[in-house]
Amino acid sequence: MTRTKLAEGIYFTYLPARKFKTSLLSAQFVTPLDEETASANALIPAVLRRGTVACPDLGALAARLDRLYGARIDCTVRKKGENQCVGFVASFIDDSYVPDGERLLEPVSALLGELICDPATEGGRFVPAYFESEKLNLIDAIRSLINDKRDYADRRLLQELCAGEAYGVSRLGEERSAGKLQAKKLFEQYRRLIGSARLELFYNGSADQERVEQALRSALATLPRREERPVSASRPHPARKEIRTVTEELDVTQGKLGMGFACTSSDHAAMLLGNTLFGGSSNSKLFLNVREKLSLCYYASSAYHRQKGLITVSSGIEFADYRRAYDEIMAQLEAVQRGDLEDWEFQGAQSTLLNAYASMGDSQGKLENFYLGQAATGQAETPEDLAGQVREATQERVFAAMKTVSLDTVYFLRGKEAAE
């Protein structure tokens, strides 16, 4: 892996690989996550994907991709730390597998550049029909988040846990903001985004680095660049002095108990292991004890948010089991903090993380997503680096790190009938 600066505010991560039959090319604009602009930024790639000057509609785009042996270009919207990442990911047959020595890297790069720099427009703004259609799609996507109650509860926990912080903002923004979007203002936001947001480029395939860089420079030659707007450096979440409890009622038959914990340890490898022991795998204490042994949860897991110094617990429970589940989740955390575990538990947690890092290179999508996260949050470690840190972390370090974990926010989603 090598990361180079191609131009002002434009960075390229080269991930050479010859074991895949496809190549991956990604272009992601990284900008601070803000409730005021999140919906607009999320809408931009979807509108851009509707057409370019040379291919003014989806039919023309599809025909061009067909001529490139069925290449795909998908728009993406992701949250990395306290930044929003929007752009495109292209997947196409690797040049080493294309018949008659034909090259696809350059034409796919060119099309990617057109989608970014030369969108279809009318009267100095996005095509009204494309804007209105994709705006409705965005609003529908935001509304549909409530349909998956587990994801909904996880998102609501983060909103309450990080209220007033960028980390609590949804990657798609809120329906209220999306509904107010206008075509002219969206086009202005698009020009600001491509002119000043950091652009992270990624390539995974068999082509040599110099060739890929030349293809990208040519494709993005007309990209307007002004002074780069800095990305957001995630600030650690300030732990509350008193636990915040939020209860919400919806028409649900299964309760969702979410718990947010603040952690002050900077020993990230130890925290990763501690979270894996706590609830980060199918051999964790939450899974084996709270779910399997005591049957208090339909599911129970935890996630470590390194950039914010947070651990969040996600669980599905019967309404009446709220207190028992709450107490048992806390008991399992305290067991990890005390070091109350068998040797196989620690070894299993290490194996889980090491296997995850080792298998990352088997998926182009996982590699791109990992390195985008690293670039967007100012981290430089490779999966191999992180694996080495996990191997070196001792049980004593893990217990010490986990002792800095304290309960901050509790979110409980219950049924309306349970409140009556």
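Residues numbered from 1 in each chain as written. Predicted model: local features only at pLDDT ≥ 70, side-chain atom pairs only at ≥ 80, totals over all residues. Heavy atoms only, no water.

## Points about the environment of Gly258
Note on placement: Gly258 falls in strand S10 (residues 255–263). A residue is classified by how much of its surface remains accessible, and Gly258, at 6% relative accessible area, is buried. Between the C-alpha atom of Gly258 and that of Leu158, which follows or precedes it by 100 residues, the distance is 9.2 Å. Ignoring anything within four residues of it in the chain, the contact list for Gly258 reads Leu157, Val313, Thr409, Val410 and Tyr411. (Helix = DSSP H or I, 4+ residues; strand = E, 2+ residues; numbered from the N terminus. Buried < 20%, exposed > 50% of the residue type's maximum accessible area, 1.4 Å probe, protein only. Contact = heavy atoms within 4.5 Å.)

## A closer look at the environment of Leu286
Here Leu286 shows up in helix H10 (residues 285–293). Among all residues touching Leu286, those that are not within four sequence positions of it are Phe278, Gly279, Arg291, Ala300, Ser301, Ser302, Val313, Ile329 and Gln332.

## Here we look at the nonpolar core
The biggest cluster of nonpolar side chains holds 60 residues, and the ones touching the most others in it are Phe29, Ile116, Leu201 and Leu223. Sorting elements by how many residues they give to this core places helix H3 (residues 105–117) first, with 7 residues. Setting aside its immediate chain neighbours within four residues, Leu201 contacts Leu6, Ile10, Tyr11, Phe12, Thr13, Ser26, Ala27, Leu216 and Leu220. One finds Met271, Leu273, Tyr326 and Leu407 within the second-largest nonpolar core, a separate group that totals 54 residues. (Core = buried A, V, L, I, M, F, W, Y, C linked by side-chain atoms within 4.5 Å.)

## Here's the deal with the pairing of strand S2 (residues 10–16)
Along S2, 6 of the 7 residues are buried, which leaves the element largely enclosed by surrounding structure. Where strand S1 (residues 2–7) and S2 come together, 5 bridges link them in antiparallel fashion. Among the inter-strand pairings, Thr2 is bridged to a residue of S2, identified as Tyr14. Counting the residues in the hairpin turn of S1 and S2 gives 2 residues, including Gly9, whose phi is positive at 75 degrees. Here 7 bridges tie S2 to strand S8 (residues 198–205), and the two strands are oriented parallel to one another. Paired with Phe12 across the two strands is Leu201, which belongs to S8. (Pairing = 2+ DSSP bridges.)

## Regarding the environment of Leu115
Tracing the chain through its elements places Leu115 in helix H3. Taking the C-alpha atoms as reference points, Leu115 and Arg49, 66 residues apart in sequence, are found 6.4 Å from one another. Setting aside chain neighbours within four positions, we find Leu115 in contact with Leu48, Arg49, Thr52, Leu61, Ile73 and Phe88.

## Quick word on the sheet that holds strand S9 (residues 244–250)
Strand order in the open sheet made by the 5 strands is S9-S13-S10-S12-S11, with mixed pairing throughout. Looking at which strands have only one partner, the edges of the open sheet turn out to be S9 and strand S11 (299–305). Neighbour to neighbour, the strand axes of the sheet diverge by 15 degrees on average, direction disregarded. Here S10 runs beside strand S13 (residues 405–415); their pairing, made up of 8 bridges, is antiparallel. Note that in S13 the partner of Ala262 across the bridge is Ser406. In the packing of H10 onto the sheet, the strands contacted are S11 and strand S12 (310–317), and the crossing angle to S11 comes to about 155 degrees. Strands in contact with helix H11 (residues 322–338) are S9, S10, S12 and S13; relative to S10, the strand with the most contacts, it is inclined by about 30 degrees. (Axes fitted to C-alpha atoms, helices over the stretch in contact; angles between N-to-C directions.)

So, to be careful, I would describe these as geometric facts and stop short of saying anything about function.
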